[in-house]
Amino acid sequence: MDNIDAILGDLDDTLARILDTPSWAQQIITATAGHLRTEDPFLALTDEDLTATLDMVTELITGHLPTAVADDAMQRAAAVLPQRHHRETCDTYAWRMLQAARGI
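Residues numbered from 1 in each chain as written. Predicted model: local features only at pLDDT ≥ 70, side-chain atom pairs only at ≥ 80, totals over all residues. Heavy atoms only, no water.

K.L.:
Help me understand the nonpolar core, please; the structure alone is not making it clear to me.
P.N.:
General note: in soluble globular proteins, nonpolar side chains tend to be found buried as a group. Of all hydrophobic cores here, the largest spans 17 residues; its most connected members are I28, L36, L45, L50, Y93 and M97. Among the elements of the structure, helix 2 (24-38), helix 3 (47-62), helix 4 (67-80) and helix 5 (90-101) are those that each provide at least two residues to this core. Residues contacting Y93, with those up to four places away along its chain left out, are L36, L45, L50, L81, P82, Q83, R84 and E88. (Core = buried A, V, L, I, M, F, W, Y, C linked by side-chain atoms within 4.5 Å. Buried < 20%, exposed > 50% of the residue type's maximum accessible area, 1.4 Å probe, protein only. Helix = DSSP H or I, 4+ residues; strand = E, 2+ residues; numbered from the N terminus. Contact = heavy atoms within 4.5 Å.)

K.L.:
I would appreciate a short explanation of the pattern of salt bridges in the present structure.
P.N.:
A side chain with one charge may pair with a side chain of the opposite charge, provided their charged atoms come close. Across all of its chains, the model carries four salt bridges by this definition. Two residues, D47 and R84, come together in a salt bridge whose shortest N-O distance is 2.8 Å. Linking D47 in helix 3 with R84 in the loop between helix 4 and helix 5, this pair joins segments that are 37 residues apart in sequence. (Salt bridge = Lys/Arg side-chain N within 4 Å of Asp/Glu carboxyl O.)

K.L.:
When you look at helix 5 in this model, what are you seeing that I'm missing?
P.N.:
An α-helical turn contains 3.6 residues, so any two residues separated by three or four positions project in the same direction. Taking 1.5 Å per residue, twelve residues should reach 16 Å; helix 5 reaches 16 Å between its end C-alpha atoms and fits that length. Taken together, the buried positions of helix 5 are occupied by C90, Y93, A94, R96, M97, A100 and A101. With its buried residues spanning 165 degrees around the axis, helix 5 presents them on a single face. Where helix 5 is buried, its residues contact helix 2, helix 3 and helix 4. (Expected span 1.5 Å × (residues − 1). Arc of directions from axis to C-beta.)

K.L.:
I keep staring at the environment of A33 and nothing clicks. Help me out?
P.N.:
Looking at the secondary structure, you find A33 in helix 2. When its relative accessible area of 0% is taken as the criterion, A33 is described as buried. For A33 and T92, which are 59 residues apart along the polypeptide, the C-alpha to C-alpha distance reads 9.5 Å.

K.L.:
For this particular structure, what's the right way to read the packing of helix 2 against helix 4?
P.N.:
For any two helices packed against each other, the geometry is given by the interaxial angle and the distance between the axes. The contact between helix 2 and helix 4 brings their axes to 8 Å, and the two run at 60 degrees. Viewed along their axes, helix 2 and helix 4 adopt a mutual orientation that is oblique. Classified by chirality, the crossing of helix 4 by helix 2 is right-handed. On the side of helix 2, the interface is formed by W24, A25, I28 and I29, while helix 4 contributes V69, A73, M74, R76, A77 and V80. Class assignment of the residues belonging to the contact of helix 2 with helix 4 gives a composition of nine nonpolar, no polar and one charged. (Axes fitted to C-alpha atoms, helices over the stretch in contact; angles between N-to-C directions. Parallel < 35°, antiparallel > 145°, perpendicular 65-115°, else oblique. Left-handed = near helix turned anticlockwise from the far one by under 90°. Nonpolar A, V, L, I, M, F, W, Y, C, P; charged D, E, K, R; others polar.)

K.L.:
Would you explain the side chain of E88 in this entry?
P.N.:
Along the chain, E88 falls in the loop between helix 4 and helix 5. Look past the residues within four positions of E88 in its chain and what remains in contact with it is L43, A44, L45, Q83, Y93 and R96.

K.L.:
Looking at this model, I keep getting lost on unusual backbone geometry. Mind explaining?
P.N.:
Most of the time, phi is negative for any residue but glycine, and the peptide bond is trans. Its identity is not glycine, yet D40 carries a phi of approximately 50 degrees, on the positive side. For D40, the location among the structural elements is in the loop between helix 2 and helix 3. Classification of D40 as partly exposed rests on a relative accessible area of 48%. For R87, which is not glycine, the phi dihedral falls at a positive 60 degrees. As for its position among the elements, R87 is in the loop between helix 4 and helix 5.

And the structure:
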């Protein structure tokens, strides 16, 4: 009986860790938002800046993963990215990205 309790306890701990760990897509969005908020947060965000930052962060987070997993994570992240507003600052867009990450 002690062995079963130990196994179930280990499974509970493992499941709790899995559920508490953000998905790869959430990590991409959160890290991208963090980068945007720290690098020139008051400048207007351009499509080029957003794409470059997303590409850099995605490579850092998913570079060690199989291609199919990395591609899926990026597709999931891209699916919830908010539409960029004209002359929106990096900081404002980053805040909206963090709100969108909750939907994944």
